[in-house]
Amino acid sequence: MENDPERPGYSYALMSEYLPFDRPVPFADGGTYAEAALRELTDPSRVGAYLQGKSVRTISDSDFATIACAGLAETLSRENALRLVLDPGQVDPDTLELVRAPPEEQARRIEQILLNRKIRDANFRRQVCDAYDDRCAVTGLRIVNGGGRAEVQAAHIWSVALAGKIQRRLAGVVQPFDLA
C-alpha cells in the first residue's frame, strides 16, 4: 500500500503477479449477484448505494472461488486441455487432477489452481495464441499438428526475471542498469 500524497486517508494498492481472467466476470449473472453481501440486500435498487465508495471490498472465500473459476473457465475447460498443453502427456498428475476436477472441487481448491505454474503458463499461452489467432507473430503462418494443437509457441520476449529488473529500473529503483 502507498499513501495518496494529495488525499489524506486514501491509499493505493500496488498489484503484481496476478493471473488475468480469460474473460470479464459479470457483476451479476441471470439477475444473481456474484457477491453474498449484494445477494443479501432486500431491495435490489439499493445495490448502487451499498457499493458507493466501496470499489475495494472484502468478499467471502466461496464468492472469490466462484468468481475466479468463472474468470478462468476457458483455461480450465477440458475442451482446451490439448490446445493449452494441459493434457495428460504434458502435465504432472497433480495438475491434471486440478484441471479434470468438477467445478465444485475446482472452487474448493482455487488457491492451488491460481498458484499452479502449468495452469498459469496455459493461461498465458491462451492469451498469446488468441491475440495472434494461433499464428506465428513473425511469419503469420498457422500450423496445426495432427492432434489439433497449433504449433505456435507462446513465450515472453524478455525473461520474467529480467522484466522485473527492467520494471524496477523504469521506476527509478535500480540505476544504472544495462540490458546487455
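Data block above holds the structure.
In short, a report on the structure. (Residues numbered from 1 in each chain as written. Predicted model: local features only at pLDDT ≥ 70, side-chain atom pairs only at ≥ 80, totals over all residues. Heavy atoms only, no water.)

**Considerations on the side chain of Asp 87**
- Relative to the helices and strands, Asp 87 is located in the loop between α4 (73-76) and α5 (93-100).
- Owing to a relative accessible area of 13%, Asp 87 belongs among the buried residues under this scheme.
- With residues up to four places along the chain from it excluded, the contact list for Asp 87 reads Ala 81, Leu 82, Leu 96 and Arg 149. (Helix = DSSP H or I, 4+ residues; strand = E, 2+ residues; numbered from the N terminus. Buried < 20%, exposed > 50% of the residue type's maximum accessible area, 1.4 Å probe, protein only. Contact = heavy atoms within 4.5 Å.)

**Notes on the packing of aromatic side chains**
- In total, this model carries one aromatic pair according to the counting rule given.
- A centroid spacing of 5.4 Å and a plane angle of 75° characterise the contact between Phe 27 and Tyr 33, whose relative ring orientation is edge-to-face.
- Here the basic side chain of Lys 54 rests over the ring of Tyr 50, its NZ or CZ set 3.8 Å away from the ring centre. (Phe/Tyr/Trp six-rings, centres within 6.5 Å; stacked < 30°, edge-to-face > 60°. Lys NZ or Arg CZ within 6 Å of the ring centre and 35° of its normal.)

**A short note on the layout of surface pockets**
- Empty space within the second largest pocket amounts to approximately 720 Å³.
- Considering the residues around the second largest pocket, the lining is formed by 22 residues, among which Met 15, Phe 21, Ile 59, Phe 64 and Ile 67 are closest to the centre.
- Mapped by element, the contributors of at least two residues to the lining of the second largest pocket are α3 (61-71) and α7 (110-115).
- It is α3 that contributes the most residues to the lining of the second largest pocket, three residues altogether. (1 Å grid on protein atoms, 1.4 Å probe; cavity = no way out; pocket = protein on both sides within 12 Å on 5 of 7 lines; lining within 4 Å. Points joined across faces, edges and corners; volume = space filled by probe spheres on them.)

**Some thoughts on the side chain of Asn 80**
- Structurally, Asn 80 can be placed in the loop between α4 and α5.
- Polar side-chain contacts of Asn 80 include one of 2.9 Å to the backbone oxygen of Glu 74. (Polar contact = N/O pair within 3.5 Å; in protein donor to acceptor, adjacent residues only side chain to side chain.)

**Observations concerning α3**
- Here α3 has its buried residues at Asp 63, Ala 65, Ile 67, Ala 68, Cys 69 and Gly 71.
- Residues of α3 that are buried make contact with α1 (36-39), α4, α6 (103-108) and α7.

**Notes on the nonpolar core**
- Counting residues in hydrophobic clusters, the biggest one holds 18 residues, and the most contacted among them are Leu 72, Leu 76, Leu 86, Ile 110, Ile 113, Leu 114 and Ile 119.
- When contributions to this core are tallied by element, the ones reaching two or more residues are α3, α5, α7 and α8 (117-131).
- Among all residues touching Ile 119, those that are not within four sequence positions of it are Thr 75, Leu 76, Leu 86, Thr 95, Leu 98, Val 99 and Ile 113. (Core = buried A, V, L, I, M, F, W, Y, C linked by side-chain atoms within 4.5 Å.)

**What to know about the pattern of salt bridges**
- This model, assessed by the stated rule, comprises 13 salt bridges.
- In this structure, the salt-bridge partner of Arg 126 is Asp 130, at a minimum N-O distance of 3.1 Å. Residue Arg 126 and its partner Asp 130 are located together in helix α8, separated by four residues, close to a single helical turn.
- Residue class for Arg 126 comes out buried when judged on its relative accessible area of 4%. (Salt bridge = Lys/Arg side-chain N within 4 Å of Asp/Glu carboxyl O.)

**Overview of the environment of Leu 19**
- In this fold, Leu 19 is placed in the loop between β2 (11-12) and β3 (28-29).
- With relative accessibility at 13%, the residue Leu 19 sits in the buried group.
- Taking the C-alpha atoms as reference, Leu 19 lies 7.2 Å from Leu 114; in sequence the two are 95 residues apart.
- The residues touching Leu 19, leaving out its near neighbours within four places in the chain, are Leu 72, Leu 114, Arg 120 and Asn 123.

**So, α5**
- For α5, the set of buried residues is Thr 95, Leu 96, Leu 98 and Val 99. Along the axis of α5, the buried positions cluster into a sector of 160°, meaning they face one direction only. Residues of α5 that are exposed and point more than 90 degrees away from the buried face comprise Pro 93 and Asp 94.
- Each element contacted by the buried residues of α5 is listed here: α4, α6, α7 and α8.
- With a side-chain oxygen lying 3.2 Å from the backbone nitrogen of Asp 94, the N-terminal cap of α5 falls on Asp 92. (Arc of directions from axis to C-beta.)

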